[in-house]
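These are the residues of each chain, in order.
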Amino acid sequence: MTKLFEIVLVFITMVFMVSSGSAQASNFEEEHYKIGNYFINIDHLNDSLTVIDLRVPAGILFSSEISKLVRTGHSNLEIEEGRGNFKVKDEGLAYTCSVAFQKLNYSESQIQFQGLVLGEHPSCEGLVNLSFSENDLSHLAIHLDSQNPLLNYWELKYDSSEFEDFYGFGEQFSHLSLKGQKVPILVREQGVGRGHPLITPFVNASSDGWGGGGPLNTYIAIPQYISSENRGVYLENSSYSEFDLSDNKQVKIRVFDSNLRGGLFSGQNSLELLESYTAWSGRMSNLPDWVHEGAIVGLQGGTDKVRKIVNQLLAEGTPISAVWLQDWVGQRTTSVGQQLWWNWELDEGHYPKWKALVQELRGRGIRVLGYINPFLVNVAGDPLDDPNYSTVKDNYKRNLYLEALEKGYLIRNKEGAPYRNLQTSFGATLVDLSNDEARTWLKNIIKTNLIGSGLSGWMADFAEALPFDAQLFNGDANTYHNQYAQEWAKLNREAIVEAGLEDEILTFHRSGFSKSPKYAGMFWQGDQMVTWDEYDGFKTAIVSLLGGGYSGLSLNHSDIGGYAGFKIWKIGFSREQNLLERWMEANAFTAMFRSHEGNQPANNSQVYSSPVLMKSFARNASVFKALGTYRKSLVAEAASKGWPVVRHPMMHYPEDQTLKNNVKQFMLGDSFMVCPVLEKQKSKWPCYLPEGEWVHLWTDQVLSSQGEYFKVGSPVGQTPVFYPASSKDGGDLKLKLKAEGLIH
């Protein structure tokens, strides 16, 4: 942009004309407007727009230079898919245009700015409308659009400060505050290694460059944040967007869509902000009571193996609420080992006498859970699958893929054929959730095949892989890609509600978008590696648990011990005993306590691998159960207020700057400070305690803290946990654990 053009643009912007309504200021340089609970000040002399929430007068909700507030343009966005992952190949900005606001319309419910689109490109023409209004939730709604149909890119720029931190954006695994980052809002696989200098290059080399992921890859991407200055922003757009926080003094939101829609909100603290935000996004529901009764044990291998391991764990005194049998549909051999047949019906060859097993376990107070995802495979054989591995299932009753194909229920490619997503050595196709008939068909499969088989819940996996060039029954994949994950959660919820079992059945999801919390029964954090590291290991499970709470993911947990590993000829990564023990200890203080055998069970330490591990699992499952009454109160808060069960300590100690961006400890509600041991073979571990008197859960030691770190003894089985001396919940838990012999 030339200097002369900049001068002209500023001049046009400064010469505002009020076309209707009445200005409340007494001079031309400043104008003041009130919209419900919001006060808007326009300072022409200083080229500034400022918005204040009158309920929180100490802070500014929004401010910007008027002349730089909005840019627009045309984008040929190109996003590539490979093995469920996505890369923004080219943002495709053919041209960008400036906007010079020159007209203002005001009423008590809305203020609308009208501007000219300016630029050197001939398509930089037409008018832009920017409006602010108070919505039904008392948020300040913002809406940007144009009469020019070629404009499909918007940039909104506003002020920040070098001290402002940004939390949320869904589930972020590498950063708590995203300050300094350019955050893509793109639901996708998180990858394996996620930037690990040894693992990621190897995974990329073996997956055509797709599998490794990076620090900002996530299954749950939400265009939303809550900031340390007690203000928040969300977008209503489901299309691809970016939040550019790389400049210390400004925020740029880029939306690749025909408009920009969103909301601004503020509060006195982060919990108040969460309550306000989740009133829009939706809140998670109460959990079935049985979830609190003990461990959900992840097992595979058929009826006899499951019965044997359950008996062993019960003999150790392990409280078991459920067994999770993801292989209820049968297993197939693929290039990465054993995977599942994605044809959602019981495999009675793999699980003979299934009905008797389910009844037997229920008689012992143990539920049975299964697995489903929105893909289908052709169990009669796909000629494009690798013939070196399983391609045909010999005992199926229904071929759901062929049924969906015949009915037109599958997503299609540009040629109109089923869109085949390559997985490992086989391909699969997504059900088209934009088609109401397809949704009804799939819900009936859930009600008949899953609920009808006696399942009390299931992992509702995947939903990140809708390609951007897919052809849908209704709508455009560019705007439906992120939304697909949300619709998958909604479909599962609808099936459960239609069956009248919403208080009995649990689903847990790894993918999500803005309003997924309204429908998901529980989230889990996906496929961490069976390592300790901060790239994709145990440490990232803590980071994402903390950050997700700022986006309304109030019920969340990770696979105990992680999931992803690989070991060939004793080279690679597999789950160690110490990692499994420490992960158990941490997860006993989360919303759900569930084990997973991992992608290579034979190489991993398992909760049933040895007497030592079975005793450790029994102990931690008992701690989890003992917390049941307290945890139920937190789940009720999640349902009524949107507060997370597991919280960053800043939510309760906002003035303690030492806690700021601490990603190595968390709180269960407001009563327990948990400092999980995040490194191998440590007998002592640092734990920061805010000012006050704190009681060590495992002993009778009381620490008087001035806001400081303590090096705490942490033998296996006693990860550092403290509660305030005044906490009744802490005292009650200690009494329960002593009564059960877990504290001596």
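A tally of regular secondary structure across the chain gives 13 helices and 41 strands. Taking 2.2 N^0.38 as the reference for a compact globule, 744 residues should give roughly 27 Å; the C-alpha atoms of the chain span a radius of gyration of 27 Å, in line with that estimate. Going through the 744 residues of the chain one by one, you find that 61% of them count as buried. Look at the contacts in the chain between residues 6 or more apart in sequence, and 68% of them connect residues 24 or more apart.

For S160, the location among the structural elements is in the loop between β12 (153-159) and β13 (166-170). Looking at S160, its side chain comes within polar contact range of the side chain of E164, at 2.7 Å. Ignoring any residue separated from it by four or fewer positions in sequence, one finds S160 in contact with F166, K179, R231, N248, K249, Q250 and V251.

With that out of the way, let us pick up the state of the cysteines. Tallying each qualifying case throughout the model produces 2 disulfides. Covalent S-S linkage joins C97 and C124, the inter-sulfur distance amounting to 2.1 Å. The disulfide joining C97 to C124 has a torsion of about -80° about its S-S bond and is therefore left-handed. Residue C97 is located in strand β8 (residues 93-107), and its partner C124 is located in the loop between β9 (110-118) and β10 (127-134); the two are separated by 27 residues in the primary sequence. We note that C97, like C124, is buried. Note that C675 is cross-linked by a disulfide to C687, the S-S spacing being 2.0 Å. Between C675 and C687 the sulfur-sulfur dihedral comes to about 50°; the bridge is accordingly right-handed. Of the two residues, C675 sits in the loop between β36 (672-674) and β37 (684-689) while C687 sits in strand β37, which places them 12 residues apart along the sequence. Here C675 matches C687 in class, with each residue buried. Sequence-ordered numbering of the bonded cysteines in the chain yields a pairing of 1-2, 3-4.

What follows deals with the pattern of salt bridges. Where charged atoms of side chains with opposite charge meet at close range, the side chains can pair. Evaluated as defined, the whole model comprises 41 salt bridges. Across the salt bridge formed by D208 and R83, the nearest N and O atoms sit 3.7 Å from each other. In this pair, D208 is assigned in the loop between α2 (199-205) and β15 (221-227) and R83 in the loop between β6 (78-82) and β7 (85-90), connecting sequence segments 125 residues apart. Here D461 and R510 are joined by a salt bridge, their closest N and O atoms 3.4 Å apart. Of this pair, D461 sits in the loop between β28 (457-460) and α8 (477-498) while R510 is found in the loop between β29 (506-509) and β30 (522-524), placing the two residues 49 residues apart along the sequence. Owing to a relative accessible area of 7%, D461 belongs among the buried residues under this scheme. Connected via shared salt-bridge partners are R439, K443, K447, E487, E494 and E498.

Taken as a whole, the chain shows an average pLDDT of 94; of its residues, 96% reach a score of 70 or greater. Here residues 1-28 scores under 50 on pLDDT; set against residues more than four positions off or in separate chains, the count is 58 contacts.

Let's shift gears to the environment of L369. By the secondary structure assignment, L369 is in strand β24 (residues 367-372). With 130 residues separating them along the chain, L369 and A499 place their C-alpha atoms 16 Å apart.

F62, I111, F132, W342 and F589 are the most contacted members of the largest nonpolar core, which has 215 residues in total. The element that contributes the greatest number of residues to this core is α8, accounting for 8 residues. One finds I79, F86, L186 and F256 within the second-largest nonpolar core, a separate group that totals 7 residues.

Analysis parameters
Residues numbered from 1 in each chain as written. Predicted model: local features only at pLDDT ≥ 70, side-chain atom pairs only at ≥ 80, totals over all residues. Heavy atoms only, no water. Helix = DSSP H or I, 4+ residues; strand = E, 2+ residues; numbered from the N terminus. Rg over C-alpha atoms; globule rule 2.2 N^0.38 Å. Buried < 20%, exposed > 50% of the residue type's maximum accessible area, 1.4 Å probe, protein only. Contact = heavy atoms within 4.5 Å. Polar contact = N/O pair within 3.5 Å; in protein donor to acceptor, adjacent residues only side chain to side chain. Disulfide = S-S within 2.5 Å. Salt bridge = Lys/Arg side-chain N within 4 Å of Asp/Glu carboxyl O. pLDDT = per-residue confidence, 0-100. Core = buried A, V, L, I, M, F, W, Y, C linked by side-chain atoms within 4.5 Å.

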